[in-house]
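# Observations on chain architecture
Single-letter residue listing:
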Amino acid sequence: MAPRKKKAQITVYLEPDTMALLADYAARRDQPQSLVAEAAIASFLSPDAAERREAAITKRLDQLDRRMTRMERDVGISVETLAVFIRFWLATTPTLPEPAAQAARAKAGERYEAFVAALGRRLAKGPKLIQEVTEDQAAPTP
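Residues numbered from 1 in each chain as written. Predicted model: local features only at pLDDT ≥ 70, side-chain atom pairs only at ≥ 80, totals over all residues. Heavy atoms only, no water.

Moving on, we get to the overall build of the chain. Scanning the chain for helices and strands turns up five helices and zero strands. Tracing the chain from N to C terminus, the helices and strands come up as α-α-α-α-α. Relative to a compact globule of 142 residues, whose C-alpha radius of gyration would be 14 Å, the chain shows 31 Å and is clearly more extended. Its C-alpha atoms put the chain at 100 × 40 × 30 Å along the principal axes. Going through the 142 residues of the chain one by one, you find that 5% of them count as buried. Just so you have it, the chain exposes about 13300 Å², and 62% of that area is on carbon and sulfur atoms. Within the chain, the 19 negative side-chain charges are centred at a point lying 4 Å from the centre of the 22 positive side-chain charges. (Helix = DSSP H or I, 4+ residues; strand = E, 2+ residues; numbered from the N terminus. Rg over C-alpha atoms; globule rule 2.2 N^0.38 Å. Buried < 20%, exposed > 50% of the residue type's maximum accessible area, 1.4 Å probe, protein only. Areas by Shrake-Rupley, 256 points an atom, 1.4 Å probe, with all protein chains shown as cover. Lys, Arg positive; Asp, Glu negative; His and termini not counted. Charge placed at Lys NZ, Arg CZ, Asp CG, Glu CD.)

Of the residues in the chain, 92% reach a pLDDT of 70 or more, and the chain-wide mean stands at 87. Considering each helix and strand of the chain separately, the mean pLDDT is smallest for helix α5 (residues 129-138), with a value of 70, and largest for helix α1 (residues 16-29), with 95. (pLDDT = per-residue confidence, 0-100.)

The next thing to look at is α1. Under the 1.5 Å per step criterion, the end-to-end length of α1 is 20 Å for 14 residues, consistent within 8% with the ideal 20 Å. A positive phi of about 55° marks aspartate 30, the residue just after α1. (Expected span 1.5 Å × (residues − 1).)

Now the structure itself:
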């Protein structure tokens, strides 16, 4: 068996915040601070450190891309939902004669406030429309 090499000792000065982070990390992992510091230094000096950082950045960019794709889909569904509603409303709502139109305009503000309150409750409690649409599409048709 080959004799084990003795580790070299160094003195390092750390900012108090960095030292606190090191101590906290080592405690959470139940590892000595020197082992954590050694691993961090080895990682920093490793020739493939740049490739690992690039891989981590690529992974994050992929996650952001997936989120953006979902957002684009959700916005598209929202726009189509609004368009369908507007077409339906225009097709089914007759034009009011002038005396009734004046009364309707007077009531419009009150109805709008009720709509905004209902929308706020819906957004606060869920489920969101996109979830319902997805669930409806995934359910097998009888």
